[in-house]
Every structure is written in structure tokens, then in C-alpha cells.
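# Analysis of the macromolecular model
Chain by chain, the residues:
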Amino acid sequence: MTSTPPLPRITSDHMDSILAGTRMRRNRRTDWSRRLVRENVLTVDDLIWPIFLTDGTNARQPVASMPGVFRLSVDEAVREANRAAELGIPALALFPYTDPDLRDETGSEALNPENLTCRALQAIKAEGLNLGLMTDVALDPYTSHGHDGLMEGETILNDETVDQLCRQALVQADAGSDVIAPSDMMDGRIAAIRQSLDLHGHRDVQIMAYAAKYASAFYGPFRDAVGSSGTLKGDKRTYQMDPANTDEALRETELDITEGADMVMVKPGMPYLDVVRRIRDEFQVPTYAYQVSGEYAMIKAASANGWLDGDRAMLESLLAFKRAGADGILTYFAPMVASFLAGDK
Ligand code: PBG
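Residues numbered from 1 in each chain as written. Predicted model: local features only at pLDDT ≥ 70, side-chain atom pairs only at ≥ 80, totals over all residues. Heavy atoms only, no water.

Which entries qualify depends on this criterion: UniProt positions are given in the numbering used here, feature names are shortened, and annotations may be inferred rather than shown by experiment.
Where an unreviewed UniProt entry is consulted, the chain appears under the name Delta-aminolevulinic acid dehydratase, with the organism given as Roseibium aggregatum. The record in UniProt for the chain states the following under Sequence similarities (unreviewed entry): "Belongs to the ALAD family." Per its UniProt entry, the chain bears the Pathway (unreviewed entry) comment "Porphyrin-containing compound metabolism; protoporphyrin-IX biosynthesis; coproporphyrinogen-III from 5-aminolevulinate: step 1/4."

Below, the structure written as C-alpha cells:
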């Protein structure tokens, strides 16, 4: 039997010299090595493309505060849907600019089965594309006061609004919506919408809940695009969340999951990455973030001024969502980033 020599004890001097030899930059030295150690990747499968709709044909109206974004007539939306499918973008989210003459106190146009959103749904569905269509449930593009719900005096009525939203969701599901996305922040609307869908033969229609949606200054350009910035009276702080809170975001998300949401979303995006991370760590459901209009506008404006490299800022901002744990991102950059990732840019 041979006896092994005793192992040398590691002294603090040894440790110091090992640490002194630590070189974090070794892994970053070459492109292949950076790719090998990369923790997060943005792919086309992460993208949901929000588009704006308008009446007419062959219409592409630029949205001034969102360079590169247009309000599209239904025929143009069909063209863009085909482009999205060719690029491999999984889904579109549709938002209508409603003719001001059709806006009223109760947002009744939201329930019209022939409204712009429904016509676009039917026209795009007829193309038979491998492309999901998501629709916004909320009354603000249809109300004369620009709020997401029904009003009595200064108050946004909760339960009366929820009834209206259930009808709106059914109209959209009947027209072919694949994913109902309630962005209104009324209490109890996910359970009510799920039940209405199920009772009316739409068991397979998914729900993506705007679970943690904040009363944010970053929605300004969107309100220009759907024409609600001029109409909006007051603000949305009695239903959208206070930007100061994150525990509350977890409660909101838990409720929406319990009520039947298939997917949850945080909105806005980049200023709220901590919320995305907390939700991702807490719940086991597909989690999305909305890079909203103001975030898009900031990057576009800075790059138009030559203050930022627009492509790099776009890619870095979207990768940040992946790092925070998002499964996907709603972004107006979707077609640009998809072309970029496909290498034909
Ligand atoms: C309204 C709605 C808003 C957005 C999506 N749905 C704006 C708001 O709450 O006033 C904002 C999206 C964006 O800014 O890109 N239901």
C-alpha cells in the first residue's frame, strides 16, 4: 500500500495569485468566442408587430411622431401581413384609427361587426397565412372622450365597461381574431372575457392580458396614431398603474393568470424591465413586453439627429427585453429588425 503525499494547502497567497490571473476579457477576445458565451439571443420568433389601420384604399398615412410607421388601409394591411409572414414574424397586433364621426360616448363602433378592425381581420385571414392576429380590447379608439371605458361624470365605470369589452371581444373573435388583448385595465375583465368567449364557441381564442400597464407618458405618439390624443379628457390614472409600483404589478399579473390569461404583458417596456424580470421569476407563464410608441419615437428621433446609431440602438433595446426574461416583444421595429436578422438589410 502506497501512501499519497499530502495535498498542498491553498494559502491566501496562492488565492491572490489565482485571482490576479483572472481575465474576464479572455472570453470576449474573438467573435466566435463571444458567440459561444452569449446568454441571450433575439430572433424573429420574439416579435409581435403592432400596426395601425385607417379607412380607404391604397392609403399609407405617415404618423408624424413615429417615423417609418403608417396608418394602413385594409388592402395595405393585407400587403404588410404578407410581408410579415414572409419575414417569419409570428403575429400582428391591430389598432384602428376610427373616423372621428364614428366616435361617441360609449364607443359603440367597437361593437360594429363591420368596423375597421373586423374588416382587416377578415381580409388578412382570407390570405391563409401562418400569422397570428391579435386585437386590442379597450374603448379608447372609439370613444369621444378618449378613455378606455364608459364614463359617468368624471368616473370610469368598471363593471359596465367590462360588459362592453366582452361584447367587443366577441365581435373580434367572430371576425377571426386569434388573440384577444385587453389593454383597458378594468378589474375582472379577463375572467369575464374568457367566459364570454367560451360560451360563444371561441374556446381556442387566446388571451394576452396587458397585466401590468402603467399610466405612462410614453404612449403619446400612439395616441396621435389612433387619434385619441386630441380627444382624451384628463388622464388614465384611475385605471392604469402608478409608475412607482412593482408589488402591485405582481398582484395584477397573478389575478389575470388566475382569471384565465394565456399570456401576460408588461407595458411600457424599457423603463419597466425590472417588472418584466420580477414577473418572469414569479410566474410560469409566457411573458411579453410592449416597446411602446414613445420608446420607438425616442430612438428614431435621436438617430434622425445623428445622435445614436439607430440600428444598433434598436437591436440593443430589443435584446434588453430578452435579458430581462421576456418571451417576446411587441415592437414597431418588428419588420425592420426581422429584415435585419434575415441579413437582407
Ligand atoms: C389603449 C392603448 C394604448 C396603447 C395600446 N393600447 C394607449 C393608452 O393606454 O392610452 C399604447 C401603445 C403605444 O404607446 O405604443 N388602450
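### Side note on the packing of helix α5 (residues 158–174) against helix α6 (residues 189–199)
The condition that has to hold: Orientation is described by lines fitted to C-alpha atoms, with helices fitted over the stretch in contact, and by angles between N-to-C directions that extend from 0 to 180 degrees. Put simply, DSSP H or I for four residues or longer makes a helix, DSSP E for two residues or longer makes a strand, and each gets a number counted from the N terminus. Should an angle fall under 35 degrees it is called roughly parallel, over 145 degrees roughly antiparallel, and 65 to 115 degrees roughly perpendicular, with every other angle called oblique. Left-handed is the label given to a crossing in which the near helix is rotated counterclockwise from the far helix by less than a right angle, and right-handed is the label when the rotation is clockwise. Whether two residues touch is decided by their heavy atoms; if any such pair falls within 4.5 Å, the residues are in contact. Charged residues are taken to be Asp, Glu, Lys and Arg, nonpolar residues to be Ala, Val, Leu, Ile, Met, Phe, Trp, Tyr, Cys and Pro, and polar residues to be all remaining types, Gly included.
The contact between α5 and α6 brings their axes to 9 Å, and the two run at 45°. With respect to α6, the element α5 is oriented oblique. Regarding α5 and α6, the two cross each other, and that crossing is right-handed. Touching Val162, Leu165, Cys166, Ala169, Leu170 and Ala173 of α5 are Arg189, Ala192, Ile193, Ser196 and Leu197, all from α6. Residues of the contact of α5 with α6, tallied by class, amount to nine nonpolar, one polar and one charged.

### Some details on a negative patch on the surface
What counts, and what does not: Patch members must show over 30% relative accessible area and no salt bridge, and they are joined within 9 Å when carrying like charges or within 5 Å when they are nonpolar side chains of Val, Leu, Ile, Met, Phe, Trp or Tyr. Accessible surface area values rest on a Shrake-Rupley calculation with a 1.4 Å probe, where residue burial reflects the displayed protein chains alone. Any Lys or Arg side-chain nitrogen located within 4 Å of an Asp or Glu carboxyl oxygen qualifies as a salt bridge. Only four residue types enter the charge count, namely Lys and Arg as positive and Asp and Glu as negative; His and the chain termini do not. To locate a charge, take NZ of a lysine, CZ of an arginine, CG of an aspartate or CD of a glutamate. Relative accessible area decides the class of each residue, using a 1.4 Å probe on protein chains only: under 20% of the type maximum gives buried, over 50% gives exposed, and in between gives partly exposed.
Taken together, Glu152, Asp159, Glu160, Asp163 and Asp187 make up a surface patch of like negative charges. For the negative patch, the element with the most residues is α5, which contributes three residues. Exposure remark for Glu152: the relative accessible area of 55% places this residue in the exposed category.

### Remarks on the site of the ligand
Put simply, the test is: Residues are classed as near a molecule or strand on a simple rule: at least one heavy atom within 4 Å of it. Under this definition, polar contacts are N or O atom pairs within 3.5 Å; protein pairs additionally need one hydrogen-donor-capable and one acceptor-capable atom, and for neighbouring residues in sequence, both atoms have to be side-chain atoms.
As a matter of local geometry, the ligand sits amid 17 residues, with Arg223, Lys236, Lys267, Ser293 and Tyr332 nearest to it. Within the side chain of Arg223, a nitrogen or oxygen atom sits 2.6 Å from an oxygen atom of the ligand. Isolated, the ligand exposes 400 Å² of accessible area, and the fraction of that covered by the protein chains is 100%. Classifying every residue of the shell around the ligand gives seven nonpolar, three polar and seven charged.

### Quick look at the UniProt feature "binding site: Mg(2+)" (unreviewed entry) in the chain
On the UniProt side, "binding site: Mg(2+)" (unreviewed entry) is annotated at positions that read Glu252 here. Considering the arrangement of structural elements, one finds Glu252 in helix α8 (residues 247–258). Setting aside chain neighbours within four positions, we find Glu252 in contact with Met185, Ala211 and Met241.

### Focus: the pairing of strand β1 (residues 47–53)
Where we set the bar: Here, strands pair whenever DSSP counts at least two bridges between them.
Most of β1 is tucked away: seven of the seven residues are buried. With burial as the criterion, each face of β1 is covered, one bearing Leu47, Trp49, Ile51 and Leu53 and the other bearing Ile48, Pro50 and Phe52. With two bridges connecting them, β1 and strand β12 (residues 328–331) associate as parallel partners. Counted as the bridge partner of Ile48 is Leu330 from β12.

### Points about the pairing of strand β10 (residues 263–267)
A regular strand carries its side chains on alternate faces of the sheet. Defined as follows: Here the term right-handed applies to a crossover when the path leading from its first strand over the helix to its second strand runs clockwise, the strands being oriented away from the viewer.
Burial analysis of β10 places five of its five residues in the buried class, the great majority of the element. Covered by surrounding structure in β10 are Met263, Met265 and Lys267 together with Val264 and Val266, the residues of both alternating faces. Here β10 runs beside strand β11 (residues 287–291); their pairing, made up of three bridges, is parallel. Paired with Met265 across the bridge in β11 is Tyr288. In this view, the connection linking β10 to its parallel neighbour β11 by way of helix α9 (residues 273–282) has right-handed handedness.

### Observations concerning the UniProt feature "active site" (unreviewed entry) in the chain
Within this numbering scheme, the UniProt entry marks Lys213 and Lys267 as carrying the feature "active site" (unreviewed entry). The named residues occupy 55 residues along the chain; their greatest pairwise C-alpha distance, 4.8 Å, places them in one compact cluster. Mapped onto the fold, Lys213 is located in strand β9 (residues 206–213). Leaving out residues up to four positions away in the same chain, Lys213 has contacts with Asp148, Ser183, Met185, Tyr219, Gln240, Met241 and Lys267. A polar contact of 3.0 Å, which involves the side chain of Lys213, links it to the backbone oxygen of Ser183. When you line up the elements, Lys267 lands in strand β10. Under the relative-accessibility criterion, Lys267 is labelled buried at 8%. Setting aside chain neighbours within four positions, we find Lys267 in contact with Tyr210, Ala212, Lys213, Tyr214, Tyr219, Tyr290 and Val292.

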